[in-house]
Amino acid sequence: MTSEAAVSTSAISSSPAQRDYHFLRSFVAGGVAGCCAKTTIAPLDRVKILLQAQNAHYKHLGVFSTLKAVPQKEGFRGLYKGNGAMMVRIFPYGAIQFMAFDKYKKLLSKQIGISGHIHRLMAGSMAGMTAVICTYPLDMVRARLAFQVTGEHRYTGIANAFQTIYLKEGGIWGFYRGLTPTLIGMAPYAGFSFFTFGTLKSLGLKHFPEQLGRPSSDNPDVLILKTHVNLLCGGVAGAIAQTISYPLDVARRRMQLGAVLPDSEKCVSLRKTLMYVYNQYGIKKGLYRGLSLNYIRCVPSQAVAFTTYEFMRQTLHLN
């Protein structure tokens, strides 16, 4: 029996029609995986944004205190504020990221000659940056909506946020504020996420196939990880990737929120934002503020994302 790691994820028939259907199935698989992962941790994402940007109503609270305070002040739905914009963004984001990863991995190994573990790291970084560039305006709007507190709304919804940012913050370029730190942060995050998951997966199936693996439901000749092992590998991958890239994520959020923050004039570039946060709040309470929450959210998020994607690959016959 062959392990899935040894089988090309892009191995499909040469028929143009089948290639088109494979493209659509791959797109749907990645999109569904992204939506399931983000819906699982939507309340934690809202709290993370509030803490990262030092929201006046919650900056004196910790992670769990904020989780309690948000429903008390804004109702239970307050925990999911901005999640509609997140779903609009995350479906194409997840679809593009997973699909691009397979394409870049194939390109690097077959056409450029880069193989082994390094091609997972490079393909993951490239896939993450590709997905960010394509969906960044939606992430900007989602962050603005999630930062709002009931009774102090600047935007009435997704469409109004798009219109307001476009008219008052420089047109199209207003939607790409903070893109540079996002790309710089995404390269190590996505790279190490895919790299760690792929490496753990291949090593597990190679050395412990009976204990960790099982036959794929759509192709019995292919060995895949058991569900609980998939979840564990995805969680470890997320934790490692987040630790490496977290300060850049803090800078990205502050630059995205822009005019919403009272100190926005000090967050106009990546270097200035990082220096301002460090000088004003330090490392623990500034650059790594909310990291404990990020561990809590990134482990289930990445676990669900990778596991759902593997499940969708079987369901849609992509193995």
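Note that the coordinates shown come from a computational prediction; the quantities given were computed from them, not determined experimentally.

**Looking at the side chain of T308**
Here is step 1 of the chain: Within the secondary structure layout, T308 lies in helix 12 (residues 291-315).
Here is step 2 of the chain: Only 2.6 Å separates the side chain of T308 from the backbone oxygen of V304, close enough to count as a polar contact.
Here is step 3 of the chain: If we skip the residues at most four places from it in the chain, T308 touches V32, A33 and C36.

**Side note on a nonpolar patch on the surface**
Here is step 1 of the chain: A contiguous nonpolar patch, built from L200, L232, V236, I240 and I244 and spanning about 390 Å² of accessible area, is present on the exposed surface.
Here is step 2 of the chain: Among the elements that take part in the nonpolar patch, helix 9 (residues 227-257) stands out by supplying four residues, more than any other.
Here is step 3 of the chain: Along the chain, the position of I240 falls in helix 9.
Here is step 4 of the chain: Its relative accessible area of 36% is what places I240 among the partly exposed residues.

**Focus: the environment of H228**
Here is step 1 of the chain: Mapping H228 onto the fold places it in helix 9.
Here is step 2 of the chain: A relative accessible area of 55% means that H228 is categorised as exposed.
Here is step 3 of the chain: Each C-alpha atom, one on H228 and one on A161, is 40 Å from the other, the two residues being 67 residues apart in sequence.

**A short note on empty space enclosed by the protein**
Here is step 1 of the chain: As enumerated under the stated definition, the model contains three cavities of 30 Å³ or more in all.
Here is step 2 of the chain: Size it by volume and the largest cavity reaches roughly 550 Å³.
Here is step 3 of the chain: Lining the largest cavity we find 36 residues, and of these K38, Y93, M186, Y189 and Q242 sit closest to its centre.
Here is step 4 of the chain: Those elements that place two or more of their residues in the lining of the largest cavity are helix 1 (16-40), helix 4 (83-112), helix 5 (118-147), helix 7 (179-207), helix 9 and helix 12.
Here is step 5 of the chain: Tallied by class, residues from the lining of the largest cavity come to 16 nonpolar, eleven polar and nine charged.

Conventions we followed
Residues numbered from 1 in each chain as written. Predicted model: local features only at pLDDT ≥ 70, side-chain atom pairs only at ≥ 80, totals over all residues. Heavy atoms only, no water. Helix = DSSP H or I, 4+ residues; strand = E, 2+ residues; numbered from the N terminus. Polar contact = N/O pair within 3.5 Å; in protein donor to acceptor, adjacent residues only side chain to side chain. Contact = heavy atoms within 4.5 Å. Patch = residues over 30% accessible without salt bridge, like charges linked within 9 Å, V, L, I, M, F, W, Y side chains within 5 Å. Areas by Shrake-Rupley, 256 points an atom, 1.4 Å probe, with all protein chains shown as cover. Salt bridge = Lys/Arg side-chain N within 4 Å of Asp/Glu carboxyl O. Buried < 20%, exposed > 50% of the residue type's maximum accessible area, 1.4 Å probe, protein only. 1 Å grid on protein atoms, 1.4 Å probe; cavity = no way out; pocket = protein on both sides within 12 Å on 5 of 7 lines; lining within 4 Å. Points joined across faces, edges and corners; volume = space filled by probe spheres on them. Nonpolar A, V, L, I, M, F, W, Y, C, P; charged D, E, K, R; others polar.

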